[in-house]
Amino acid sequence: MWPFALLFLALLLLLLARLRRGAAGGPSPFAADARRPPAPLVTDKAARRTVLKTVFSADKVPEGLDAIVVGSGIGGLAAGALLAKAGKRVLVLEQHGKLGGCCHTFSEKGFEFDTGIHYVGQMQEGSTTRFMLDQLTEGQLEWARLPAVYDAVVLGEPGRGRTYRIYSGKKEYFQGLKEQFPGEEAAIDEFERLVKSVNRGTMLVGVLKMIPRALARLLCRSGLLPRLSPFCRLASRSLKEVVDGLTADRDLRAIFSYIFPTYGVVPSKASFSMHSILVNHFLRGAWYPKGGAGEIAFHTIPVIRKAGGNVLGRAPVQRILLDSQGKACGVSVKKGQDLVNIFAPVIISDAGIFNTYERLLPAEARALPEIQSQLRMATHGEGALTVFVGVNGSREELGLEPTNYFMYLGNDLDEITNHYLASSREEAAKNIPLLFVTCPSAKDPTWEMRHPGKSTLAIVTFAKYEWFEEWKDKQVNKRGDDYEELKKTFVDTIMQIEYISGGTPLTNQHYIASPRGEIYGIDHGMARLQAETIAAVRAQTAVPNLYLTGQDLCVCGFMGALQGAFISASAVLKRNLYVDVVRLKKRTQATNGKKRD
């Protein structure tokens with residue numbers, strides 16, 4: 001056994017060395033540093049509309065397309081921008097009227113709300129992820145750092161809850177826990193060790209998706225991965241199992257687990273490795289885009305257009321077109337009562353696995369064994385209900401904080417969440433046990449200049465799609481009194497509020513085209529993080545010339561979707577873009593160092 005294992009490991013190391021060198025495929029998007037000094041914030045509504053609300057028509061489709069991307073979330077926009085930076089002419093098509101997917105914002109009664117970007121980690125100066133985004137947006141997207149306490153967790157009934165604070169910093173995070181839980185130092189040290197051991201193996205997610213499929217399968221079947229990688233070893237253990245084994249303190253167990261709503265799986269069903277990805281993501285702190293979440297799309301779209309491509313809204317793709325050999329060759333877009341066929345040699349879908357495979361592909365492609373196998377591996381994630389709150393008054397006048405609050409009615413997070421999700425909709429609406437409360441207006445240093453005397457909050461909780469399913473075929477904003485009454489039950493009236501609105505799983509279904517209102521794509525339970533599943537769901541699909549991108553390809557959230565774009569664009573360009581961006585970062589650091597000398 002061991003001679004075979006050593007030989008296999010040697011072959012793998014040789015392949016990884018080749019991956020690190022990068023493949024000699026198409027041109028690199030990172031041939032030169034694209035950053036320039038940030039321009040002043042654009043607040044003119046007409047100027048912003050020309051970027052973010054360009055409506056589809058056949059005459060706006062560029063000629064000689066190299067690729068079509070379905071969906072304008074960060075997974076789609078980043079994939080399009082990467083190809084554009086490599087000289088490709090790309091068309092991005094978005095079914096909604098506002099471009100950006102979960103990065104878009106909307107305004108009602110003078111209040112601006114973001115729809116999905118509440119905070120992002122790893123945006124510190126000098127980080128690779130910050131450098132990646134700087135290159136994609138030519139240095140125009142700026143970030144505001146949240147305070148040292150970026151999250152607070154409240155356990156218990158309103159007015160009697162215990163508040164714990166989460167501190168930024170690789171040491172401060174854990175030291176803060178020790179100060180709040182005296183006597184639990186050993187448990188916290190072991191939690192830190194496990195979390196950081198997983199972080200060293202997260203590169204494996206990309207490796208398994210980018211090495212040849214046959215080798216990935218062989219590696220998964222070899223039995224070596226759990227022995228060699230803490231990431232794989234802990235992927236098979238639930239978060240609850242791990243933290244219950246660390247401490248008997250129920251509050252500390254809850255604090256170890258508090259961030260699970262950011263990937264949508266309760267601790268007993270969540271992989272410890274998935275949870276560790278999120279903890280590590282925020283260890284150095286949290287950031288928010290200056291000017292609001294809409295700035296992400298606003299500064300990415302011009303990169304695509306500069307290369308001769310376009311990004312168009314109100315362009316619902318009805319199906320992916322295949323040629324006589326079964327290869328993807330275009331898409332069919334609905335315009336009024338007509339269908340407009342658009343052709344390109346590469347199709348990239350940011351619409352998610354279920355939409356791509358079950359709704360957009362023809363039956364003969366959907367029936368391919370590889371596609372059916374991937375669909376069997378995937379389940380729908382949980383839906384969400386978001387309450388958007390607009391309040392008259394500034395941050396200072398109202399005492400609002402940029403810190404996010406995770407509020408739980410008890411410290412057994414599994415029990416309270418499972419009981420809620422198993423309830424009838426009538427019972428659930430009156431007994432919501434967990435809330436995420438965030439204040440975008442307090443995070444953005446440009447807010448008061450843009451929206452003086454107004455403030456906004458977003459309050460998010462889980463919501464079953466089944467609670468609202470009977471209205472799924474009704475037109476948005478015309479679902480009837482019963483639907484509005486149910487929403488109103490979930491959304492209690494709060495004094496001194498000028499504007500309040502609720503978004504249900506059906507709202508998510510309408511605006512971001514999630515099949516069952518899920519906010520994180522396919523479910524992030526333990527099966528999702530197993531090596532076999534990671535290796536199976538790749539950028540290249542069983543349909544030639546059709547690729548996946550976004551959070552269903554990698555993991556959930558802004559950064560997960562961005563990594564999905566890098567993996568997808570690497571596959572299309574046939575080169576390792578991670579190697580390219582790291583090389584450019586080293587070159588620019590060396591150049592800047594010489595300038596200082």
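Attention here is on the structure that accompanies the text. Going along each chain's sequence as written, the residues are numbered from 1 onward. Two thresholds apply to this predicted model, a pLDDT of at least 70 for residue-level local features and 80 or more for giving and counting side-chain atom pairs, whereas whole-chain, interface and lining totals are computed over all residues. Processing note: side-chain calculations cover all non-hydrogen atoms of the structure and skip hydrogens and water entirely.

Two numbers describe a pair of aromatic rings. These are the distance of the centres and the angle of the planes. The aromatic pairing rule takes the rings of Phe, Tyr and Trp, using the six-membered ring of Trp, and pairs them if the centres are within 6.5 Å, calling planes under 30 degrees apart stacked, those over 60 edge-to-face and the rest tilted. For the coordinates displayed, the defined rule picks out 20 aromatic pairs. Between the aromatic rings of Phe111 and Phe113, the centroid separation amounts to 6.5 Å while the plane-to-plane angle is 35°, which identifies the pairing as tilted. Judged by its relative accessible area of 0%, Phe111 is buried. Through a chain of ring-to-ring contacts, the aromatic side chains of Tyr119, Tyr150, Tyr258, Phe282, Phe406 and Phe436 assemble into a single cluster. The rule for a charge over a ring is simple: NZ of Lys or CZ of Arg within 6 Å of the ring centre, and within 35 degrees of the ring normal. Directly above the aromatic system of Phe298 lies the positively charged group of Arg48, at a separation of 4.4 Å from the ring centroid. Here the guanidinium or amino end of Lys454 rests over the ring plane of Phe111, the centre of that ring lying 4.5 Å away. Type-normalised accessible area, obtained with a 1.4 Å probe on protein chains alone, sets the label of each residue: buried when under 20%, exposed when over 50%, and partly exposed for intermediate values.

Take the environment of Ala463 next. We count a stretch as a helix when DSSP gives it H or I for four or more residues in a row; a strand needs E for two or more, and each element gets its number in order from the N terminus. Note that Ala463 resides in strand 17 (residues 454–463). On the basis of relative accessibility, which here comes to 0%, the residue Ala463 falls in the buried class.

Now for the sheet that holds strand 2 (residues 90–93). With parallel pairing, five strands are arranged side by side in an open sheet as 9-2-1-13-19. Both outer strands of the open sheet, strand 9 (310–312) and strand 19 (546–548), are each paired with one neighbouring strand and no more. For this sheet, the mean angle separating the axes of adjacent strands, direction not counted, is 20°. Pairing between two strands requires that DSSP report at least two bridges joining them. Both strand 1 (residues 67–70) and strand 2 contribute to a ladder of four bridges, which runs parallel. Residue pairing for strand 2: Val69 is matched across the bridge by Val92. Residues are treated as being in contact if the distance between any of their heavy atoms lies within 4.5 Å. Here an axis means a line fitted to C-alpha atoms, over the contact stretch when the element is a helix, while the angle between two N-to-C directions is reported on a 0 to 180 degree scale. Each of strand 1, strand 2, strand 9 and strand 13 (347–349) is contacted by helix 3 (residues 74–85), which is oriented at about 170° to strand 2, the strand it contacts most. Strands strand 13 and strand 19 of the sheet are contacted by helix 26 (residues 557–573), whose axis makes an angle of about 155° with strand 19.

This part is about the nonpolar core. Membership of the largest hydrophobic core comes to 148 residues, with the highest contact counts inside it found for Leu208, Tyr408 and Phe558. Beyond its immediate sequence surroundings of up to four residues, Tyr408 is in contact with Val153, Val154, Leu155, Gly156, Tyr258, Phe260, Pro261, Leu413, Ile416, Pro433 and Leu434. The set of buried Ala, Val, Leu, Ile, Met, Phe, Trp, Tyr and Cys residues whose side-chain atoms join them within 4.5 Å is what this entry labels a nonpolar core. Of all hydrophobic cores here, the second largest spans 31 residues; its members include Ile68, Val70, Ala328 and Leu546.

This paragraph deals with helix 3. To estimate the expected span of a helix, subtract one from its residue number and multiply by 1.5 Å. For helix 3, with 12 residues, the first-to-last C-alpha span of 16 Å sits near the 16 Å given by 1.5 Å per residue. The element helix 3 is extensively covered by neighbouring structure, given that 11 of its 12 residues are classed as buried. The set of residues buried in helix 3 consists of Ile74, Gly75, Gly76, Leu77, Ala78, Ala79, Gly80, Ala81, Leu82, Leu83 and Ala84. Looking one or two residues past helix 3, Gly87 carries a phi angle of roughly 90°, positive in sign.

Let us look at the sheet that holds strand 12 (residues 338–343). Pairing within the open sheet is antiparallel, and its three strands lie in the order 10-11-12. Among the strands making up the open sheet, the edge pair consists of strand 10 (317–322) and strand 12. Going across the sheet, the axis of each strand differs from the next one's by a mean of 25°, ignoring polarity. As paired elements, strand 10 and strand 11 (residues 328–335) share five bridges and run antiparallel to each other. Across the sheet, the residue bridging to Leu322 is Ala328, located in strand 11.

Further remarks concern empty space enclosed by the protein. The method works on a 1 Å grid over the protein atoms by themselves. A cavity is a set of points holding a 1.4 Å probe that cannot get out, a pocket is an open set with protein on both sides within 12 Å along at least five of seven lines, and residues with an atom within 4 Å of a point line them. Grid points are joined across faces, edges and corners, and a volume is the space filled by probe spheres set on the points. Scanning the model with the defined rule gives three cavities of 30 Å³ or more in all. Its boundaries defined by the atoms lining it, the largest cavity holds a volume of some 70 Å³. In this structure, the largest cavity is lined by Val205, Lys209, Ile522, Arg528, Leu529, Thr533, Ile534, Val537, Asp552, Leu553, Cys554 and Val555. Broken down by secondary-structure element, the contributors of at least two residues to the lining of the largest cavity are helix 7 (203–210) and helix 25 (531–536). Looking at the lining of the largest cavity residue by residue, the classes come out as eight nonpolar, one polar and three charged. The nonpolar class holds Ala, Val, Leu, Ile, Met, Phe, Trp, Tyr, Cys and Pro. Asp, Glu, Lys and Arg form the charged class, and all remaining residues, Gly among them, are polar.

The next point concerns helix 7. The α-helix winds at 3.6 residues per turn, so residues separated by three or four positions along the chain end up facing the same way. The element helix 7 is largely enclosed, with a buried count of six among its eight residues. Taken residue by residue, helix 7 has Leu204, Val205, Gly206, Val207, Leu208 and Lys209 as its buried positions.

Below, the discussion takes up the packing of helix 5 (residues 172–180) against helix 6 (residues 185–199). Their axes nearest at 9 Å, the elements helix 5 and helix 6 cross at an angle of 160°. When the axis of helix 5 is compared with that of helix 6, the two are roughly antiparallel. The chirality of how helix 5 crosses helix 6 is right-handed. For the pair helix 5 and helix 6, contact is made by Phe174, Leu177 and Lys178 and by Glu185, Ile188, Asp189, Phe191, Glu192 and Lys196, respectively. Residue classes in the contact of helix 5 with helix 6 are distributed as four nonpolar, no polar and five charged. Each angle is binned into one of four classes, with values under 35 degrees roughly parallel, values over 145 roughly antiparallel, values of 65 to 115 roughly perpendicular, and all other values oblique. Two helices crossing with the near one rotated counterclockwise from the far one by less than a right angle form a left-handed crossing, whereas a clockwise rotation gives a right-handed crossing.

What follows concerns the pattern of salt bridges. A pairing counts as a salt bridge when a side-chain nitrogen of Lys or Arg comes within 4 Å of a carboxyl oxygen of Asp or Glu. By the definition in use, this model includes 21 salt bridges. For the salt bridge of Glu370 with Arg213, the shortest nitrogen-to-oxygen distance reads 3.3 Å. One end of the pair, Glu370, is in helix 17 (residues 369–377); the other, Arg213, is in helix 8 (residues 213–221), and 157 residues separate them in sequence. You can call Glu370 partly exposed: its relative accessible area is 23%.

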